[in-house]
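Structural overview
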Amino acid sequence: MRLDVVTIFPEYLEPLNVSLVGKARARGQLDVHVHDLREWTYDRHNTVDDTPYGGGPGMVMKTEPWGEALDSALADGYEAGARGPVMVVPTPSGRPFTQELAVELSERPWLIFTPARYEGIDRRVMDEYATRMPVYEVSIGDYVLAGGEAAVLVVTEAVARLLPGVLGNAESHRDDSFAPGEMANLLEGPVYTKPPLWRGRDIPEVLLSGHHGKIARWRRDEAFRRTARNRPDLIERCEAAAFDKKDREILSILGWKPSEDGRFWRRPQAVEE
Ligand code: ADE
């Protein structure tokens, strides 16, 4: 997969040399190109922004540097044999970045990121490139960052770990919290490793039992507990048909009831400590 990032802070993308993404680069699974947007400015101050039409606070990133930078990154990629680019524009006004979207992006051969500072990029830039390639405007959460670079790191890491051969174990994605699929989407429960006793704290006995069925059931019950506590919306969203008899038992213990629309709801007073 080829990645291009156009930014006014190339050094902000240094973490792409570290850990999982860094190793994927070193192995040639990821071909990363970071471009400095200011290289496509021609005035003394390397200006990339200007005041917004219609007034208002803040500054807007200008069309010309973005246009030239993107044309150059695209020409460079095509020359190197890359095909099928998609543009990923991090913005708090974008669609939520989810595991499902990470999977979708991981299936594309070429991602071009355009992290913005200030109040964002002149709309015409996205409209122009949308005539040539899919443009995804994505938000990594309901908060406002000072710029999109941190979002690029987030999206890149979520996507890179899904690439074939990057994590080593293809099975491991199947159990990811939020993995798309038929199954109810539950958060993963707690995990433990050696030593068996630490500061007087032991580990749940079932994990030492060697009984795979019981361990799987315990893990699923813990997943329900954690999901009910931290993300009840994930349970509310599930069709009741996604739950087996044991699931219904643990849901009932946690205060959830099936309703007529085929979903589950929770009595307001049943919130766990
Ligand atoms: N830029 C600023 N805030 C952002 C967010 N929440 N997600 C993506 N890009 C952003």
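Please read these numbers as outputs of a predicted model, since none were measured by experiment.

1. Re the side chain of aspartate 49
Mapped onto the elements of the fold, aspartate 49 is located in strand β3 (residues 49-50). If we skip the residues at most four places from it in the chain, aspartate 49 touches Met59, Val60, Met61, Lys62 and Tyr118.

2. A few points about the packing of aromatic side chains
Taken as a whole, this structure holds three aromatic pairs when the rule is applied. Both rings, one in tyrosine 78 and one in tryptophan 110, keep their centres 5.1 Å apart while their planes meet at 80°; by these two values the pair is edge-to-face. Linking tyrosine 78 in helix α2 (residues 63-79) with tryptophan 110 in strand β6 (residues 110-113), this pair joins segments that are 32 residues apart in sequence. Connected via pairs of aromatic rings, a cluster forms that spans Phe224, Phe243 and Phe264.

3. Observations regarding the packing of helix α3 (residues 99-106) against helix α5 (residues 149-160)
At a minimum axis separation of 8 Å, α3 and α5 run at an interaxial angle of 70°. On the basis of the axis angle, α3 is roughly perpendicular to α5. Residues Ala102, Leu105 and Ser106 of α3 pack against Val155, Ala158 and Val159 of α5. Classifying every residue of the contact of α3 with α5 by side-chain character gives five nonpolar, one polar and no charged.

4. Points about α2
Taking 1.5 Å per residue as the helical rise, α2 with its 17 residues ought to reach 24 Å, and the 24 Å between its terminal C-alpha atoms agrees with that figure. Residues Pro65, Trp66, Gly67, Ala69, Leu70, Ala73, Leu74 and Gly77 constitute the buried set of α2. Downstream of α2 by one or two residues, glycine 81 has phi in the positive range, about 100°.

5. Topic: the nonpolar core
Membership of the largest hydrophobic core comes to 28 residues, with the highest contact counts inside it found for Leu30, Phe97, Leu105, Leu111 and Phe113. Those elements that provide at least two residues to this core are β1 (2-7), α1 (19-26), β5 (85-96), α3, β6, β7 (135-139) and α5. The leading source of residues in this core is α5, at six residues. Other than its neighbours up to four places away in sequence, leucine 30 contacts Met1, Leu3, Val21, Ala24, Arg25, Ala160 and Leu163. Grouped together as the second largest cluster of nonpolar side chains are 21 residues, Leu74, Val89, Ile121 and Met126 included.

6. Here's the deal with the pattern of salt bridges
Applying the stated criterion to the full structure yields 18 salt bridges. Between aspartate 127 and arginine 123 there is a salt bridge, with its nearest N and O atoms 3.3 Å apart. One end of the pair is aspartate 127 and the other is arginine 123, both in helix α4 (residues 123-129) and four residues apart, which spans about a single turn. We classify aspartate 127 as partly exposed; its relative accessible area is 42%. With a shortest N-O distance of 3.0 Å, aspartate 233 and arginine 231 are connected by a salt bridge. On the basis of relative accessible area, aspartate 233 is assigned to the partly exposed category, the value being 30%.

7. Examining the sheet that holds β1
Here we have five strands laid out as an open sheet, ordered β2-β1-β6-β5-β7, and parallel in their pairing. Of all the strands in the sheet, the pair left with one neighbour each is β2 (31-36) and β7. Adjacent strand axes in the sheet meet at a mean angle of 25° when their direction is disregarded. Most of the contacts of α2 go to β1, to which it runs at about 160°, and overall it touches β1, β2, β5 and β6.

8. Some thoughts on the environment of alanine 69
Its location among the elements puts alanine 69 in helix α2. Overall, the relative accessible area of 0% leaves alanine 69 in the buried class. For alanine 69 and tryptophan 265, which are 196 residues apart along the polypeptide, the C-alpha to C-alpha distance reads 51 Å.

9. Thoughts on the UniProt feature "binding site: S-adenosyl-L-methionine" (unreviewed entry) in the chain
UniProt's entry tags Ile140, Gly141, Asp142, Tyr143, Val144 and Leu145 with the feature "binding site: S-adenosyl-L-methionine" (unreviewed entry), counted in the numbering of this structure. Mapped onto the secondary structure, glycine 141 falls in the loop between β7 and α5. Of note, valine 144 is situated in the loop between β7 and α5. For valine 144, a relative accessible area of 70% corresponds to the exposed category.

Rules behind the numbers
Residues numbered from 1 in each chain as written. Predicted model: local features only at pLDDT ≥ 70, side-chain atom pairs only at ≥ 80, totals over all residues. Heavy atoms only, no water. Helix = DSSP H or I, 4+ residues; strand = E, 2+ residues; numbered from the N terminus. Contact = heavy atoms within 4.5 Å. Phe/Tyr/Trp six-rings, centres within 6.5 Å; stacked < 30°, edge-to-face > 60°. Axes fitted to C-alpha atoms, helices over the stretch in contact; angles between N-to-C directions. Parallel < 35°, antiparallel > 145°, perpendicular 65-115°, else oblique. Nonpolar A, V, L, I, M, F, W, Y, C, P; charged D, E, K, R; others polar. Expected span 1.5 Å × (residues − 1). Buried < 20%, exposed > 50% of the residue type's maximum accessible area, 1.4 Å probe, protein only. Core = buried A, V, L, I, M, F, W, Y, C linked by side-chain atoms within 4.5 Å. Salt bridge = Lys/Arg side-chain N within 4 Å of Asp/Glu carboxyl O. Pairing = 2+ DSSP bridges. UniProt positions renumbered as here; feature names shortened; annotations may be inferred.

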